[in-house]
Amino acid sequence: MKCQHCEKPATFHITELTEPSGPSVLHLCEEHARTFLSNEGTATPASALSSMLAKQLKIKNAAEELATADKKTCPICGITFADFRKGGRLGCAYDYIAFEDDLQPLLVNIHGSLQHVGKEPSNQTGSPERQHRIMQLKLEMKEAIEKEDYETASRLRDKISEVESGNESSWDNDALEDLGDDFQSDPPIV
Amino acid sequence: MKLEELANQSSEWMRGQGPESDIVMSSRIRLARNLSEFPFIRKCTPKDRVAIATSVHRALDSLPLSADTEYVDVAKLGDLDRQFLMERQLISHELSESQGARAVILDPHERFSIMVNEEDHLRLQVMQSGLDLEAAWQRMDQLDNQLESKLTYSFNKRLGYLTACPTNVGTGLRVSVMLHLPALVATKQIDKVFRALNKINVAVRGLFGEGSQFMGDFYQISNQTTLGKNELALVAKVREVVPRLIDYERKAREFLVNESRQDLHDNVSRALGILCTAKKISSEETMHYLSKVRMGVNLGLISDVKIPTVNKLFIHTQPAHLQKLCGHKLSVTDRNIERANYLQLHLAKRPENEIN
Ligand SMILES: [Zn+2]
Ligand SMILES: [Zn+2]
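Because the structure is a prediction, the values reported are computed rather than measured.

Trainee: Explain the overall build of chain B to me, please; I cannot follow it from the model alone.
Mentor: Each helix and strand counted, chain B has 13 helices and 10 strands in total. Taking 21 Å as the expected radius of gyration for a compact globule of 356 residues, we find that chain B reaches 21 Å, a close match to that expectation. Principal axes of the C-alpha set define a box for chain B whose edges measure 65 × 45 × 30 Å. Scored against the burial criterion, the 356 residues of chain B give a buried share of 62%. Within chain B, contacts between residues separated by at least 24 positions form 70% of all contacts whose residues are at least 6 apart in sequence. Looking at charge distribution, chain B has the averaged site of its 47 positive side-chain charges lying 3 Å from that of its 44 negative ones.

Trainee: Honestly, the coordination of the zinc ion (ligand 2) in this entry has me stumped. Any pointers?
Mentor: Around a metal, the ideal angle is 109.5 degrees if four donors adopt a tetrahedral arrangement and 90 or 180 degrees if six donors adopt an octahedral arrangement. For the zinc ion (ligand 2), the full set of protein donor atoms is C74 of chain A (SG), C77 of chain A (SG), C92 of chain A (SG) and D95 of chain A (OD), at a range of 1.9 to 2.3 Å. What the four donor atoms of the zinc ion (ligand 2) show is an angle range of 94 to 117 degrees at the metal, which sorts the shape as tetrahedral.

Trainee: Whenever I open this one, the packing of aromatic side chains confuses me. Can you help?
Mentor: Any aromatic ring pair is given by two values, namely how distant the centres are and how the planes are angled relative to each other. In the structure shown here, the tally under the stated rule is five aromatic pairs over all chains. Ring geometry for Y153 of chain B against Y161 of chain B: centres 6.1 Å apart, planes inclined by 75 degrees, an arrangement best described as edge-to-face. Neither residue differs from the other here; Y153 of chain B and Y161 of chain B are each classed as buried. Note on F218 of chain B and F314 of chain B: the rings are 4.9 Å apart at their centroids and 80 degrees apart in plane angle, and the pair reads as edge-to-face. Of this pair, F218 of chain B sits in strand 10 (residues 218-223) while F314 of chain B sits in helix 11 (residues 307-316); the two residues are 96 residues apart in sequence, bridging distant segments of the chain. You can call F314 of chain B buried: its relative accessible area is 3%. Ring-pair connections join several aromatic residues into one group, and the members of that group are F81, F84 and F99 of chain A. Taking NZ or CZ as reference, R33 of chain B lies 3.4 Å from the ring centre of Y161 of chain B, over its face.

Trainee: Can you walk me through the confidence of the model for chain A in this structure?
Mentor: Low-pLDDT stretches of the model should not have their predicted coordinates read in fine detail. Residue and element names in this part refer to chain A. Residue-level pLDDT values for chain A average 74, and 61% of them are 70 or greater. In the predicted structure, residues 40-45 sits below a pLDDT of 50 and forms 14 contacts with residues beyond four places in sequence or in another chain. Across residues 169-190, confidence stays below pLDDT 50; counting only partners more than four residues off in sequence or on other chains, it has 26 contacts.

Trainee: Quick question: what am I supposed to make of helix 8 (residues 150-165) of chain A here?
Mentor: Two residues of an α-helix separated by three or four positions point the same way, owing to the 3.6 residues in each turn. Residues and elements named next belong to chain A. With 16 residues, helix 8 extends 22 Å from end C-alpha to end C-alpha; this agrees with the ideal 22 Å at 1.5 Å per step. Taken as a whole, helix 8 has its buried residues at A153, L156, I160 and V163. For helix 8, the angular spread of buried residues about the axis comes to 85 degrees, placing them on one side. Turned more than 90 degrees from where helix 8 packs its buried face, Y150, E151 and R155 sit exposed. Residues of helix 8 that are buried in the fold lie against helix 7 (128-146).

Trainee: Whenever I open this one, unusual backbone geometry confuses me. Can you help?
Mentor: Most peptide bonds are trans, and most residues other than glycine sit at a negative phi. All names here are of chain B. At Q89, a position not held by glycine, the phi torsion is positive, near 60 degrees. Inspection of the secondary structure puts Q89 in the loop between helix 3 (79-87) and helix 4 (93-97). Phi is positive for N117, which is not a glycine, with a value near 65 degrees. Position of N117 relative to the elements: it lies in the loop between strand 4 (112-116) and strand 5 (122-129).

Trainee: I would appreciate a short explanation of the pattern of salt bridges in the present structure.
Mentor: Pairing is possible between side chains that carry opposite charge, provided their charged atoms lie close to one another. Taken as a whole and judged by the stated rule, the model has 23 salt bridges over all chains. Across the pair R89 of chain A and E119 of chain B runs a salt bridge whose closest N-O atoms are separated by 3.0 Å. On the criterion of chain membership, the pair formed by R89 of chain A in the loop between helix 4 (81-87) and helix 5 (95-98) and E119 of chain B in the loop between strand 4 and strand 5 is interchain, its members lying in two chains. The residues R89 of chain A and E119 of chain B share a single accessibility class, namely buried. A salt bridge links R82 of chain B to E97 of chain B; the nearest nitrogen and oxygen atoms lie 3.9 Å apart. Placement of R82 of chain B in helix 3 and of E97 of chain B in helix 4 is noted, with a sequence separation of 15 residues between them.

Trainee: Sorry, what's going on with the environment of K229 of chain B here?
Mentor: Its place among the elements puts K229 of chain B in the loop between strand 10 and helix 8 (231-259). Sequence separation of K229 of chain B and W137 of chain B is 92 residues, and the distance between their C-alpha atoms is 15 Å. With residues near it in sequence (within four places) discarded, K229 of chain B still touches V117 of chain A together with T171, L234 and K237 of chain B.

Basis of the calculations
- Counting of residues starts from 1 at the beginning of each chain's written sequence and follows it residue by residue.
- All chains are assigned letters beginning with A, and all ligands numbers beginning with 1, in the order in which they are written.
- Where totals are concerned, whole chains, interfaces and linings use all residues; where local detail is concerned, this predicted model gives features only for residues with pLDDT of at least 70, and gives and counts side-chain atom pairs only at 80 or more.
- Side-chain metrics rest on all non-hydrogen atoms present in the structure, leaving aside hydrogens and water.
- Note on conventions: DSSP H or I runs of at least 4 residues are helices, E runs of at least 2 residues are strands, and numbering of each starts at the N terminus.
- Each radius of gyration reported is based on C-alpha atoms, and the globular scaling rule is 2.2 Å times the count of residues to the power 0.38.
- Between buried and exposed lies partly exposed: a residue is buried under 20% and exposed over 50% of the maximum accessible area for its type, with that area taken using a 1.4 Å probe on protein chains only.
- When checking whether two residues touch, look at their non-hydrogen atoms; a contact exists if any pair is within 4.5 Å.
- By the counting rule applied here, Lys and Arg register as positive and Asp and Glu as negative, while His and the ends of each chain are not counted.
- The atom standing in for a charge is NZ when the residue is Lys, CZ when it is Arg, CG when it is Asp and CD when it is Glu.
- Note that water is not among the atoms used; donors are N, O and S atoms within 2.8 Å of the metal (3.2 Å for Na, K and Ca), so sites may look incomplete.
- Key to geometry: four donors with every angle between 85 and 135 degrees are tetrahedral; four donors are square planar and six octahedral where opposite donors lie over 155 degrees apart and all remaining angles lie between 65 and 115; all other sites are irregular.
- Note on ring pairs: Phe, Tyr and Trp rings are taken, using the six-membered ring of Trp, and paired if centres are within 6.5 Å. Classes follow the plane angle, with under 30 degrees stacked, over 60 edge-to-face and the rest tilted.
- Placement of a positive charge over a ring is assigned whenever Lys NZ or Arg CZ falls within 6 Å of the ring centre and within 35 degrees of the normal to the ring plane.
- Think of pLDDT as the predictor's per-residue confidence, scored from 0 to 100.
- Every helix has an expected span of 1.5 Å times one less than the residues it contains.
- Relevant arc is that of directions from the helix axis to the C-beta atoms, nothing else.
- In what follows, salt bridge is the name for a side-chain nitrogen of Lys or Arg lying within 4 Å of a carboxyl oxygen of Asp or Glu.

Have a look at this one:
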């Protein structure tokens, strides 16, 4: 028997027990078996993830809606939802916000939950909302400078350093509460 | 620290000590973390990757733990060295084979390693011999706290630690236990046991594959979800399953002994015989027989071989290890000969040949 990925003989026969469709057997050469097995053992492979996603979107939406979702682009890193679907990897932390509606059913499917419970870093200045906020302020500042509105620009510059240092007073909490509204109902159990 | 020095020592997870270590090889915990000021890996420029590695290196240098650790630039390592670290489970295949700046921070006792620029910016892993997940988590928590005091992690209140793949978001935690289950394989009970386990949402997989039994009968069980439960709850979820598996394996061993102690004794003794006398042997065949010998030793059927020796041989007979231990590159054929020599040297019935 030949390896499923190349012409070498398959010397490893691996039963994959974690597939949702039930156990499946893989026939691999030593090299491909090592690649497969050292891939941490438990992470859902990107291909499985994207097929899960594809299935889900098909159930939920018509092709038209899928096409709309695919065109969504992250304002920070520039990947589209289609890019994510292909590779199974996100481009930046803000994608969780930018693709929120489309990621929600996937997260529920994988984890049965939409709310983190557990450890939190003591330094919480690393939220993607904050990154996005800084980016917006920088754009606004640039525009102000272009318009030679230096008063506004300097106000914005102060604001930016406030946000960057994590000392901004009210914005972060308000924004989080707004975003939190969507998550008040219990996620369905999968 | 030279990698050659690692080759001669026993990894934490190979020690063969700790609770239930006749069946549980090791407990392992990993955390995925990302730095907030950089995009995730797929959108990192070569410059970003260098900047990430530099910030992590700098953070490490300002921590007490830097005194005892080694920062290894993986991009500068040759093929053999990278494969060697993979065989010891200190780095992943992804880290070994990707391009661009990447690194691993190694504890000389191999009780933890930190991969930089893997699927996520940081992958922390803690290893513990035997079944001791709680201790592993305590050590992981402290390690994470130390790094977190110097780095800004990507985190939000709703989704927790944000990761490149949505399967890891939340705690970023993967708890896993590696088990040696030769009797469940021999009695053909293994699939049934794992089908039952899958229903309680724990992932199971043959560590070296199980279809042909040529892979040492090692299995790894781990949590499938990372969001919605705290770290201790996820640890407990995996922990709960282990005693059941141990119990099944012990019953299967008992069954094999009761059915015919003589057959079993013959079977494990022949396995040892082949390992002691073969003139050339592949890595798969080696694992197949070492697995039988390991069970034979644990059942008291083989008395002149020690478990840590067997555990070590599983790793030392892997391709990169053999080449590291003999000091030069070897072709597949030469490896098979060298492997046979190595096995003979360490399994022949002379106690002074035990590796410590
Ligand atoms: Zn192949
Ligand atoms: Zn993005």
